[in-house]
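Descriptive analysis of the structure
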Amino acid sequence: MKVDRRNFLKVLSAGAVTAAVPDNVFARAKKDVPPDAVGILYDSTLCIGCKNCEMACQRYNKLTAQPSDSNNRDFDPYTFALNKIQIYRNGDKTDKESENKYNFFKKACMHCVDPNCVSACPASALTKDEESGIVSWNSDACIGCRYCQVACPYSIPKFEYGAAFPEIIKCEMCQHVQVKGKIPGCCDFCPTGASVFGKFSDILQEAKNRLALPEKSNYNYPVGDLIGKRSKNNPVEKYINYVYGEKEGGGTQYLILSAVPFENLGLPKLPDYSNAAKTEGIQHTLYKGMIAPIVLFAGLAFTTYKTAKAEDEKGE
Amino acid sequence: MSELKPVKGKIFTLPFFILLILSVIAIPFIVKRFMYGLGAVSNLSDGYPWGMWIVYDVVTGTAIACGGYAMAILVYIFNKGQYHPLVRSALLASMFGYTLASVSIFFDVGRYWQMYNIFLPWYSNTNSVMFEVAACIATYVLVMWLEFSPAFFEKPGQEKTLKKINSAMFIFIALGVLLPTMHQSSLGSLMIIAGDKLSGLWQTDFLPLLFLISAIMMGFGMVIFESMFSSVHLERPLEKSLLSKLSGVIPKLLIVFLIIRFGDLIFKGKLGLIFSFNFQSLMFVIENLLFIYPLIILSSKEKKDQSKYLFLSAASLVLAGAVYRFDTFLVGFNPGVNFHYFPSFAEIMITVGIISVEIMAYLIFIKTLPVLPDVKHA
Ligand code: SF4
Ligand code: SF4
């Protein structure tokens, strides 16, 4: 299937519009990106598929390989690491970045601004940090119901189906090293700067700057983080003029740039609001202050009381 | 009102032994599940985290167990001043349906040892639909046992306790209507958050309303079964007035259900998906034919009063609701490339075991407690 960039965007925005009109009437207000939010910018035009990020992830998060855990290793980002380099193949596979050739994509938690998983979790095991915006999992709280897996639009949370005492596994943006002033493993070890870490507002600005660069010009791509200590000069590819994650599902803190259509990378088309906002809107409309249930209960209790009394009198 | 009496007869009959064997078969699988994890017995995966156990035992099983709820709506709300002799047996069936659904959640939930976390105030997430469902179902199970509890005390020497319970009964009955209204609709809301992972043929903001209406219809279907069962096996005359009331209400509910269902699809422009000629569209057609069949039969003047057709309509109605639930949670659910799900033998056997326990418990109760109307009073 040939999808050019304009068509893709048209489809994308048409999807968003038709979804937005009748579909989110109940939705509660959108959420904002936390003030000190951090994020990762993944530029798939720079990715060479070396998988250094996966190895760094294993090391930083002390992961051991559990290949038997998944019945779908191609798709499973967590067989060995919390992120996964996936390959999109098409055509004769000789030429990177052009429409019908091949490309890489690093799949990982998007750290949604208004995460479905957090809304869905009945035990508050998944939480979004109010400052950094990092979405993390608490083993003391989780009951293992796997509703988060159903709810996540990117199918990110993984569950240890092969363990007697299983855990949910997901990327927590290496927050355990961030507190020590270090940056996430995947960004630290990315040799080309395809994954860079930074303040959310900075990576969003960086993404937009890149889209404005003239094709084939040279650009000093920052490596690791945006502070600029490390960088690598590279020619600019023909970007699709769109930052995936700026609006998707209410926004994400993992932003993606690409030269091939985003759907080829396996990224879903999502409306610009989160389904969590919609679900919570519907539930809270129905259960606002528990008024409706209480009124209904009062009515029911009254009716059955009368019925029961009438019956008693008849019986006596 | 006819007396309720324990049904005469031995408990250990041949069907009972078959059920016993079926439930014993499940035990090794359950042991295996707890020793080696969910993957050791099920075909669940990161793409299909919910399978047979959630979709049948909980989502479908509790809807089938809506007979008690449907009966309560009919008898206490619409039929003032007339207790029905089948209220308690319908309640008993529902009570076991729900109780066993709760037990099977325990097998399904991965970190079962801290399941109570849901109800600890500092962990409860009131934004979660799952929380609402869990809290409601747990309370409802309790309420049903309380509602049923007079059966344990209806014997000489216990009059005082009985009177106390009965004076609060109207509260339990009212809760018994309120709680299923809440959680049967929320069972539908569960899937809204899945967004486009659920096919447009099923994904809609009306899921809670559609699930509620279809649960009530399934409950009515079960009431028809139960009343026919009692007329055949207990040699009671067929409950003509009850049945004719039901065959009047069901078509109206069906029309409302189908109008919302198809109106929504047309409005969103998703109706075309029916013609994609894949497994999903096939299941959609089957599901809706099952809904339409009872509508046609029960709208026909001469057919709706014949027991045979009434039975077929009820069967079709219950099956339609079940297929609708399987479609919404499994058939229509597509998490992405390369994931497949079909229940494993062990998953099916555990479910079969649970159903067997349910029926055995029902049989034991009706033979030892005053649940069903006495035969000779018929
Ligand atoms: S990508 Fe999935 S797991 Fe990550 S925050 Fe969003 S909903 Fe949660
Ligand atoms: S599996 Fe754990 S983290 Fe996921 S929704 Fe259930 S309780 Fe929450």
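Located above this text is the structure these notes cover.
Residues numbered from 1 in each chain as written. Chains lettered and ligands numbered in written order. Predicted model: local features only at pLDDT ≥ 70, side-chain atom pairs only at ≥ 80, totals over all residues. Heavy atoms only, no water.

1. Here's the deal with the site of ligand 1
As a matter of local geometry, ligand 1 sits amid 14 residues, with Cys109, Met110, Cys112, Cys117 and Cys152 of chain A nearest to it. The residue inventory of the shell around ligand 1, partitioned by class, reads 11 nonpolar, 2 polar and 1 charged. (Near = heavy atom within 4 Å. Nonpolar A, V, L, I, M, F, W, Y, C, P; charged D, E, K, R; others polar.)

2. What about unusual backbone geometry?
Residues and elements named next belong to chain A. Not every positive phi belongs to a glycine, and His111 is a case in point at roughly 45 degrees. Inspection of the secondary structure assignment puts His111 in the loop between strand S3 (102-107) and helix H3 (116-120). Using a relative accessible area of 1% as the deciding quantity, one classes His111 as buried. (Helix = DSSP H or I, 4+ residues; strand = E, 2+ residues; numbered from the N terminus. Buried < 20%, exposed > 50% of the residue type's maximum accessible area, 1.4 Å probe, protein only.)

3. Re the sheet that holds strand S12 (residues 254-257) of chain A
Residue and element names in this part refer to chain A. In space, the 4 strands of this open sheet follow the order S10-S8-S1-S12, with mixed pairing throughout. Because the sheet does not close on itself, it has two edges, and the strands there are strand S10 (224-225) and S12. Examined bridge by bridge, strand S1 (residues 38-43) and strand S8 (residues 195-199) share 5 bridges and lie antiparallel to one another. The partner of Ile40 across the bridge, within S8, is Phe197. (Pairing = 2+ DSSP bridges.)

4. Some points on the site of ligand 2
Near ligand 2 there are 13 residues, and of these Cys121, Cys142, Cys145, Arg146 and Cys148 of chain A occur at the shortest range. Of the residues that constitute the shell around ligand 2, the class distribution is 11 nonpolar, 1 polar and 1 charged.

5. Some thoughts on a negative patch on the surface
A cluster of acidic residues, Asp36, Asp129, Glu130 and Glu131 of chain A, forms a negative patch on the protein surface. Structurally, Glu131 of chain A can be placed in the loop between strand S4 (126-128) and strand S5 (135-137). (Patch = residues over 30% accessible without salt bridge, like charges linked within 9 Å, V, L, I, M, F, W, Y side chains within 5 Å. Areas by Shrake-Rupley, 256 points an atom, 1.4 Å probe, with all protein chains shown as cover. Salt bridge = Lys/Arg side-chain N within 4 Å of Asp/Glu carboxyl O. Lys, Arg positive; Asp, Glu negative; His and termini not counted. Charge placed at Lys NZ, Arg CZ, Asp CG, Glu CD.)

6. Describing the interface of chain B and chain A
Taken together, the contact pairs 68 residues of chain B with 67 residues of chain A. Considering only the side of chain B, the residues that lose the most area to chain A are Asp46, Arg111 and Ile193 of chain B, jointly responsible for 15% of the buried surface there. Summed over the shared surface of chain B and chain A, the result is 2 salt bridges. Where Arg146 of chain A meets Asp108 of chain B, a salt bridge forms, and the shortest distance between an N and an O atom there is 3.0 Å. Scanning the region where chain B abuts chain A turns up 33 residue pairs in polar contact (both at pLDDT 80 or more). Only helix H1 (14-36), helix H2 (38-41), helix H4 (67-78), helix H6 (129-148) and helix H8 (159-189) of chain B provide two or more residues apiece to the side of chain B that touches chain A. Among the residues making up the side of chain B that touches chain A, the classes are represented as 39 nonpolar, 20 polar and 9 charged. (Contact = heavy atoms within 4.5 Å. Buried area = accessible area lost by both parts, 1.4 Å probe. Polar contact = N/O pair within 3.5 Å; in protein donor to acceptor, adjacent residues only side chain to side chain.)

7. Observations regarding the packing of H4 of chain B against H8 of chain B
When two helices pack together, you describe them by how their axes are tilted relative to each other and by the distance separating the axes. All names here are of chain B. Where H4 contacts H8, the axes come no closer than 9 Å and their chain directions differ by 125 degrees. Overall, the two elements H4 and H8 adopt an arrangement that is oblique. When the axes of H4 and H8 are compared, the crossing they make is left-handed. Contacts between H4 and H8 involve Tyr69, Ala72, Ile73 and Tyr76 on the former and, on the latter, Ile173, Gly176, Val177, Pro180 and Thr181. Along the lines of polarity and charge, the residues of the contact of H4 with H8 split into 7 nonpolar, 2 polar and no charged. (Axes fitted to C-alpha atoms, helices over the stretch in contact; angles between N-to-C directions. Parallel < 35°, antiparallel > 145°, perpendicular 65-115°, else oblique. Left-handed = near helix turned anticlockwise from the far one by under 90°.)

8. Remarks on the nonpolar core
Within the largest apolar cluster, 150 residues are counted, with the highest numbers of intra-cluster contacts made by Tyr147 of chain A together with Trp50, Leu92, Phe148, Leu190 and Met191 of chain B. Counting residues per element, this core draws most heavily on helix H9 (residues 207-233) of chain B, which supplies 13 residues. Mapped onto the domain boundaries, this core takes at least three residues apiece from domain 1 (5-28 + 278-315) and domain 2 (38-272) of chain A. Residues Ile85, Ile134, Ile203 and Tyr221 of chain A belong to the second largest nonpolar core, which totals 49 residues. (Core = buried A, V, L, I, M, F, W, Y, C linked by side-chain atoms within 4.5 Å. Domains from an automatic or database assignment.)

9. Overview of the packing of helix H3 (residues 52-64) of chain B against helix H5 (residues 87-108) of chain B
All names here are of chain B. Contact pair H3 / H5: the axes reach a minimum separation of 9 Å and the direction vectors enclose 160 degrees. Between H3 and H5, the interaxial angle falls into the category roughly antiparallel. Crossing angle aside, the handedness with which H3 passes H5 is left-handed. Contacts from Trp53, Ile54, Asp57, Val58 and Thr62 of H3 reach H5 at Tyr98, Ala101, Ser104, Ile105, Phe107 and Asp108. In terms of residue class, the contact of H3 with H5 is built from 7 nonpolar, 2 polar and 2 charged.

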